[in-house]
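As a plain string of letters, each chain reads:
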Amino acid sequence: MEVVTGVEAQVEELYRKHRPGLVRLAFLLTGSAHVAEELVQEAFLSLQPRFGQVREPVAYIRQIVANGARQHHRRVAVERRHAPRPPGPALAPEIDETWEALWRLPERHRAALVLRFYEDLTVREVAAALGCRLGTAKSLIHRGTKALKEVLRDDA
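Summarised in this report is the structure supplied together with it. (Residues numbered from 1 in each chain as written. Predicted model: local features only at pLDDT ≥ 70, side-chain atom pairs only at ≥ 80, totals over all residues. Heavy atoms only, no water.)

Comments concerning the nonpolar core
The biggest cluster of nonpolar side chains holds 41 residues, and the ones touching the most others in it are Phe44, Leu47, Val126 and Leu130. For this core, the secondary-structure elements that each account for two or more residues are helix H1 (6-30), helix H2 (33-47), helix H3 (57-75), helix H5 (93-103), helix H6 (107-118), helix H7 (123-130) and helix H8 (134-155). The greatest single-element share of this core, amounting to 8 residues, is contributed by H1. With sequence-adjacent residues up to four places away left out, Phe44 is seen in contact with Val11, Leu14, Tyr15, Leu22 and Ile61. (Core = buried A, V, L, I, M, F, W, Y, C linked by side-chain atoms within 4.5 Å. Buried < 20%, exposed > 50% of the residue type's maximum accessible area, 1.4 Å probe, protein only. Helix = DSSP H or I, 4+ residues; strand = E, 2+ residues; numbered from the N terminus. Contact = heavy atoms within 4.5 Å.)

Encoded structure:
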């Protein structure tokens, strides 16, 4: 019988509670359910040895997931430009159009918008998750919103 330490139990509790939301976040940032699962698993594995040193474990894991998504996009940039986007869930037409438009934005703009409006993070938390300055996060959100409006207007 395996004995679970206090840290392992705490990480396991965080995993059970926050995994679904983090997988959704990772999916929205990468477009791949498989990659999303892997990023979240790696984030929790990375947390465990540092658990006692991390003040806000959920924010720490969220940042690891966002960084992992960026690294994923760097590794597969050429493939991603030429590969078809995976189908999303069947949604109401107006919501589906918004998701389609969101996928056409640059990756950094999409990530900023997803973190800000889907995850409902503050601008400061978006900056932390993306590993950029507060002003850069504000700019990404502003430019992403403007670009999304233009894409939606062009489609109409």
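Considering the packing of aromatic side chains
Enumeration over the complete set of coordinates arrives at 1 aromatic pair. Geometrically, the ring pair formed by Tyr15 and Phe44 is edge-to-face, given 5.0 Å between the ring centres and 80° between the ring planes. Pair noted here: Tyr15 is in helix H1 and Phe44 is in helix H2, with a separation of 29 residues, a long-range link. Residue Tyr15 is classed as partly exposed on the basis of its relative accessible area, which comes to 28%. Using a relative accessible area of 5% as the deciding quantity, one classes Phe44 as buried. (Phe/Tyr/Trp six-rings, centres within 6.5 Å; stacked < 30°, edge-to-face > 60°.)

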